[in-house]
Amino acid sequence: MKITGIELRRIAMPLVAPFRTSFGTETTRDVLLVRVVTPEAEGWAECVAMSQPLYSPEYVDGAAEAMRRFLIPALPDQADAQAAGRALAPFKGHRMAKAALETAVLDAQLRGRRESLAAYLGAVADRVPCGVSIGIMGSIPELLDTVEGYLAQGYIRIKLKIQPGWDVAPVRAVRERFGPELPLQVDANAAYTLADAPHLARLDAFDLLLIEQPLADDDIVQHAALARRITTPICLDESIESAEHAAAAITLGACSIINVKPGRVGGYLEARRIHDVARAHGVGLWCGGMLETGIGRAANVALAALPGFTLPGDTSASRRYFATDITPPFELNDGHLDVPTGPGIGVDPVPDILDEVTTSAEWITR
Ligand code: NPQ
Ligand code: MG
């Protein structure tokens, strides 16, 4: 497949409400979209880097620079997604940037032969169960109202963002209010240290599905130590950047569940390798979220339909984050999202909406 050119487009998406995590508060999603043009088809993808390097070292301006300076020039004239992935591999890091480029190439390739991403990846479901991630709130009553609102919309699992000072009390309050049957989990975004093990063990009483990334990204060994001191299953997010990391973490006993985010691991091909490793070891999987627009969301929903995805993902509806999505909105149906069936990722940006939120666009010919 010949790559004629690539567009890098920045859009600013206001969030319906501020989203607060242990690393900061976001009010607008600053997104980099990639459009790969070939003679047969166009492919779309979304780079999940944040505007600041708070979740991981990547950030949007840096991802755009890595693409225009190193990654796009390294793509062969004729490339499918596998070849693109191989051409980008020599560059260290920049996984979110690589993922966006490889995914846009993959989308163009699949649209060209009218195959859906879900079918290509090996999806076995036509809809996926959805959870929702709830930010750190100003008060417990505000949190309880928010949880109630999402449960009314049909979400079938709740994830609470936690940090030191906002952990046991919100979890206890949600359990007391909504009962022991509610599928409930927490995400610390690396806010604790191993010295907090006795404190984190207090969460054991609440029968959580998992605790996500309690310790620092590079503390895989310490997560294994923590796993021996608490009964809540440990799920890794930030720590897992590749299938090799996943295999190492599983071998060490650092996690019994993995949050798969294709951007974090360098793309959907690597995400599928993690799926295969985890499934072979009986490790639970779910698809994470990075406040994606419909472009990134569509691809995540396809991935979440693979057989190894054993837990509901952060694959929420569009309106969880955006009043107006750039694609037709993803909507919950009985707590599920339908897996797109059209060619490639199966959705397209709505041109007028896309233009309204675009802050800059850059066309790179090859
Ligand atoms: C997580 N996401 O699982 C992430 C982290 C996260 C849905 O909880 C702007 C862009 C703000 C990306 C905040 C969810 C973000 C972001 C949090 C990603 O750890
Ligand atoms: Mg997380």
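As shown above, the structure is provided for reference.
Here is what the cut-offs are and how they apply
- Residues numbered from 1 in each chain as written.
- Chains lettered and ligands numbered in written order.
- Predicted model: local features only at pLDDT ≥ 70, side-chain atom pairs only at ≥ 80, totals over all residues.
- Heavy atoms only, no water.
- Core = buried A, V, L, I, M, F, W, Y, C linked by side-chain atoms within 4.5 Å.
- Buried < 20%, exposed > 50% of the residue type's maximum accessible area, 1.4 Å probe, protein only.
- Helix = DSSP H or I, 4+ residues; strand = E, 2+ residues; numbered from the N terminus.
- Contact = heavy atoms within 4.5 Å.
- Salt bridge = Lys/Arg side-chain N within 4 Å of Asp/Glu carboxyl O.
- Near = heavy atom within 4 Å.
- Polar contact = N/O pair within 3.5 Å; in protein donor to acceptor, adjacent residues only side chain to side chain.
- Areas by Shrake-Rupley, 256 points an atom, 1.4 Å probe, with all protein chains shown as cover.
- Nonpolar A, V, L, I, M, F, W, Y, C, P; charged D, E, K, R; others polar.

*Asks:* Describe in detail the nonpolar core, supporting the description with residues and values.
*Replies:* If you look at the biggest cluster of nonpolar residues, it comprises 92 residues, and the most contacted ones within it are Leu160, Leu203 and Ile258. Here the element with the most residues in this core is helix 12 (residues 294-304); it accounts for seven residues. Setting aside residues up to four positions removed in sequence, Leu203 forms contacts with Ile162, Asp167, Val168, Val171, Val186, Leu208, Ile211 and Thr232. Listed in part, the 33 residues of the second largest apolar core include Val36, Ala100, Ala104 and Met290.

*Asks:* Tell me what's going on with the pattern of salt bridges, and back it up with residues and numbers.
*Replies:* Counted according to the given criterion, the structure contains 24 salt bridges. We note a salt bridge from Arg35 to Glu7, for which the minimum N-O separation is 3.2 Å. Separated by 28 residues along the polypeptide, Arg35 in strand 2 (residues 24-37) and Glu7 in strand 1 (residues 5-21) bring together distant segments of the chain. Residues Arg35 and Glu7 agree in their burial class; the two are buried. Ionic pairing is found between Lys159 and Asp314, a salt bridge with its closest N-O pair at 2.6 Å.

*Asks:* Describe the site of ligand 1, with residues and values.
*Replies:* Taken together, 20 residues lie around ligand 1, and Ser133, Lys161, Asn189, Lys261 and Gly289 are the ones closest in. Side-chain polar atom of Asp237 to an oxygen atom of ligand 1: 3.1 Å apart, as the coordinates give it. One of the side-chain N or O atoms of Lys261 is found 3.0 Å from an oxygen atom in ligand 1. Considered on its own, ligand 1 offers 450 Å² of accessible surface; in the complex 100% of this is hidden by protein. Going through the elements one at a time, strand 1, strand 2 and strand 6 (157-161) are the ones with two or more residues in the shell around ligand 1. Looking at the shell around ligand 1 residue by residue, the class counts come to seven nonpolar, four polar and nine charged.

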